[in-house]
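# Structural features, examined
Residue strings, one per chain:
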Amino acid sequence: VNPRIILSTAKSILMIRPFDFGFNDETSKDNHYQKKINKKNIAQLAIEEFEKLVKKLKKNNIDIHVFQDDNKYRTPDSVFPNNWISTHQNGDIVLYPMSAKSRRMERRPEILDFLKNRGFIINNVIDYSFAEQQSQFLEGTGSMILDRKNKIAYCSISERSNKELFIKFCKDFKYIPVSFHSFQDVAKKRLPIYHTNVMMCLAESYCIICLDSIDDQEERINVISFLENSEKELIEISENQVEKFAGNMLELINDKKESLLVMSKSAENSLNEIQKNIITKYSRIISSEINIIEVCGGGSTRCMMAEIFLPKK
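The sections below set out a description of the structure shown in this document. None of these values were measured; they are calculated from a predicted model.

The next subject is the sheet that holds strand β7 (residues 152–156). The strand order across the open sheet built from 3 strands is β6-β7-β8, with neighbouring strands paired in mixed fashion. Each of the sheet's edge strands pairs with one partner strand only, and the pair in question is β6 (144–147) and β8 (176–180). Each strand of the sheet is rotated relative to its neighbour by a mean of 20°, with strand direction disregarded. Of the strand pairs in this sheet, β7 and β8 are connected by 5 bridges, and their pairing is parallel. Within β8, the residue paired with S156 across the bridge is F180. This element, helix α7 (residues 163–173), spans β6, β7 and β8 of the sheet and lies at about 160° to β8. In the packing of helix α8 (residues 217–229) onto the sheet, contacts are made with β7 and β8, and the angle to β8 comes to roughly 145°.

This part takes up the nonpolar core. With 34 residues, the main nonpolar core has Y154, M199, M200, I208 and M249 as its most contacted residues. Looking at this core, the elements that each hand over two or more residues are β7, β8, β11 (200–202), β12 (206–209), α8, β15 (259–264) and α11 (273–282). No other element matches β12, which puts 4 residues into this core. Discounting chain neighbours no more than four positions away, the residues touching M249 are C201, I208, L261, V262, M263, A267, L271, T301 and R302. Core analysis: the second largest hydrophobic core is formed by 24 residues, A10, M15, L252 and L260 among them.

On to the pattern of salt bridges. As enumerated under the stated definition, the model contains 17 salt bridges in all. With a shortest N-O distance of 2.8 Å, R103 and E106 are connected by a salt bridge. Taking relative accessible area as the criterion, R103 reaches 3% and is therefore assigned buried. Residue class for E106 comes out buried when judged on its relative accessible area of 3%.

Thresholds, definitions, all that
- Residues numbered from 1 in each chain as written.
- Predicted model: local features only at pLDDT ≥ 70, side-chain atom pairs only at ≥ 80, totals over all residues.
- Heavy atoms only, no water.
- Pairing = 2+ DSSP bridges.
- Helix = DSSP H or I, 4+ residues; strand = E, 2+ residues; numbered from the N terminus.
- Axes fitted to C-alpha atoms, helices over the stretch in contact; angles between N-to-C directions.
- Contact = heavy atoms within 4.5 Å.
- Core = buried A, V, L, I, M, F, W, Y, C linked by side-chain atoms within 4.5 Å.
- Buried < 20%, exposed > 50% of the residue type's maximum accessible area, 1.4 Å probe, protein only.
- Salt bridge = Lys/Arg side-chain N within 4 Å of Asp/Glu carboxyl O.

Structure, rendered in structure tokens:
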């Protein structure tokens, strides 16, 4: 594995052990993957799923930094930190404006202190959360898929992914913006997919993407041409596979410099042999059962891992 791979792919991740995980009515308005589960001990079951995933990642030599959520605020979605924070190689941290009021309390200064105490260097904090005042939102690497090597950012525009803010981020961080619209079938209607990282996963050498969800022909062609020009092998997934979270995966590099693609068990089970064969040309698949977190929270493994690209002391 040569050093350029590590440019785009994280070697360390931040994860938040949930305290008060549960169904969030507020986020379910436009997250059509969320379903109410009729079980008493949902928060405890989510912690168990979280622990199994962490254990599996550690066993595969991934550098994980786990912050314990507490009862300071009621944050039912704290297990999904990638929506409010992104970190960058130059020591920048970006804080993002969140659509759901209940999720804004997830942006906690203690978590930045926690990263500093773990030896990571933070030079600047760029805070876009002021945009909440204008009801403009951009939910981190849920809203944007960053190709850090080629400096291209992909964004499916939705209520939670504001185009003007996306363009502002790209100007500030010198990314080429590629925006489009993606949709899913909900009760016989075509409704926007709330986060880009549900229908698209970008790895160093390949891209897993649901092109069928991009209804506009020109937008679709534009996305394909950017991906092909940056030499990504395309692995197409269906809308049905998107519902099983096959777009919500993350490539990581472990301390043996191996490429691992982390996904949920339901995502892995939805893949066909051809798709798996292309992935395994480049990455080893790591999967874990997170059924409660997926169904009740409407997010999967990608959302649970915030990549740490910060320099280290």
